[in-house]
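# Observations on chain architecture
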Amino acid sequence: MNDIQRFLAHAIQLEKESARRYAELAEAMDTLGNAEVAEFFRQMSHYSRLHQKEAMERGGFHDLPNLAADEYHWPNGSSPEAAWGHVNPGIDVLGAMSLAMHGEQRSHEYYQTIADETADPEVRAMATEFADEEAEHVVQLEVWQANLAKLTAIN
């Protein structure tokens, strides 16, 4: 991807989907009665909305870009965040964390691949920045997963 506007349109869509998925996970955790994990997912949804807003501002978009489905160039034909599918309302905490982890890992890989393959220095810099942000999210999820695994082992 060698066009900054196209890159940002993809980033906006990815972050929009991420925010929605995290909101779904938060709702599922509320249903499960786990307020702490629900709040974490709400916070992650908020971060995704902030990233979406930042990408819109950087691209000068006042409204969400409206690309046709075939104008997006996603790995395996769908956005890294759309690959989650629908969140099962009966999902458990570890399953929710696993879904979130896979989404963040796919998003990181997506941005990193663009950074590695683009010929455009502006796209490379921004894709690297976005990949680094996704890597931070992976680390946050790893910490949560480790703590939850410890609690599960104790119980």
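Residues numbered from 1 in each chain as written. Predicted model: local features only at pLDDT ≥ 70, side-chain atom pairs only at ≥ 80, totals over all residues. Heavy atoms only, no water.

With an unreviewed UniProt entry as reference, the protein chain is termed Rubrerythrin, source organism Azotobacter beijerinckii.

Okay, the overall build of the protein chain next. Scanning the protein chain from N- to C-terminus turns up four helices and zero strands. For the protein chain, the α and β elements follow one another from N to C terminus as α-α-α-α. Scaling as 2.2 N^0.38, a compact globule of 155 residues should have a C-alpha radius of gyration of about 15 Å, and the protein chain matches this with 16 Å. Taking the principal axes of the C-alpha coordinates as reference, the protein chain spans close to 50 × 25 × 25 Å. Considering the protein chain as a whole, with its 155 residues, one finds that 41% of them fall into the buried category. Pairs at least 24 residues apart make up 78% of the contacts formed inside the protein chain by residues separated by at least 6 positions. Accessible area of the protein chain: about 8100 Å², with a carbon and sulfur share of 51%. (Helix = DSSP H or I, 4+ residues; strand = E, 2+ residues; numbered from the N terminus. Rg over C-alpha atoms; globule rule 2.2 N^0.38 Å. Buried < 20%, exposed > 50% of the residue type's maximum accessible area, 1.4 Å probe, protein only. Contact = heavy atoms within 4.5 Å. Areas by Shrake-Rupley, 256 points an atom, 1.4 Å probe, with all protein chains shown as cover.)

Here the focus is the nonpolar core. Of all hydrophobic cores here, the largest spans 20 residues; its most connected members are Tyr22, Leu25, Met29, Phe41, Met97 and Leu141. For this core, the elements supplying multiple residues, two or more each, are helix H1 (4-32), helix H2 (35-59), helix H3 (93-117) and helix H4 (121-154). (Core = buried A, V, L, I, M, F, W, Y, C linked by side-chain atoms within 4.5 Å.)

This model, assessed by the stated rule, comprises nine aromatic pairs. Between tyrosine 22 and phenylalanine 41, the ring centres sit 5.8 Å apart and the planes meet at 35 degrees, which makes this aromatic pair tilted. Within this pair, whereas tyrosine 22 is found in helix H1, its partner phenylalanine 41 is found in helix H2, the two being separated by 19 residues in sequence. The burial state of tyrosine 22 is the same as that of phenylalanine 41; both residues are buried. Taking the centre distance of 5.4 Å and the plane angle of 10 degrees together, the rings of tyrosine 72 and tryptophan 74 count as stacked. Assigned by exposure class, tyrosine 72 and tryptophan 74 land together as buried. Feature note: the residues Phe7, Tyr72, Trp74, Tyr110, Tyr111 and Phe130 constitute an aromatic cluster, connected by ring pairs. (Phe/Tyr/Trp six-rings, centres within 6.5 Å; stacked < 30°, edge-to-face > 60°.)

The geometry of H1 relative to H2 is characterised by a closest axis approach of 8 Å and an angle of 165 degrees between their N-to-C directions. The angle between H1 and H2 falls in the class roughly antiparallel. As for how H1 packs across H2, the hand of that crossing is left-handed. For the contact of H1 with H2, the class distribution of residues is 15 nonpolar, seven polar and six charged. (Axes fitted to C-alpha atoms, helices over the stretch in contact; angles between N-to-C directions. Parallel < 35°, antiparallel > 145°, perpendicular 65-115°, else oblique. Left-handed = near helix turned anticlockwise from the far one by under 90°. Nonpolar A, V, L, I, M, F, W, Y, C, P; charged D, E, K, R; others polar.)

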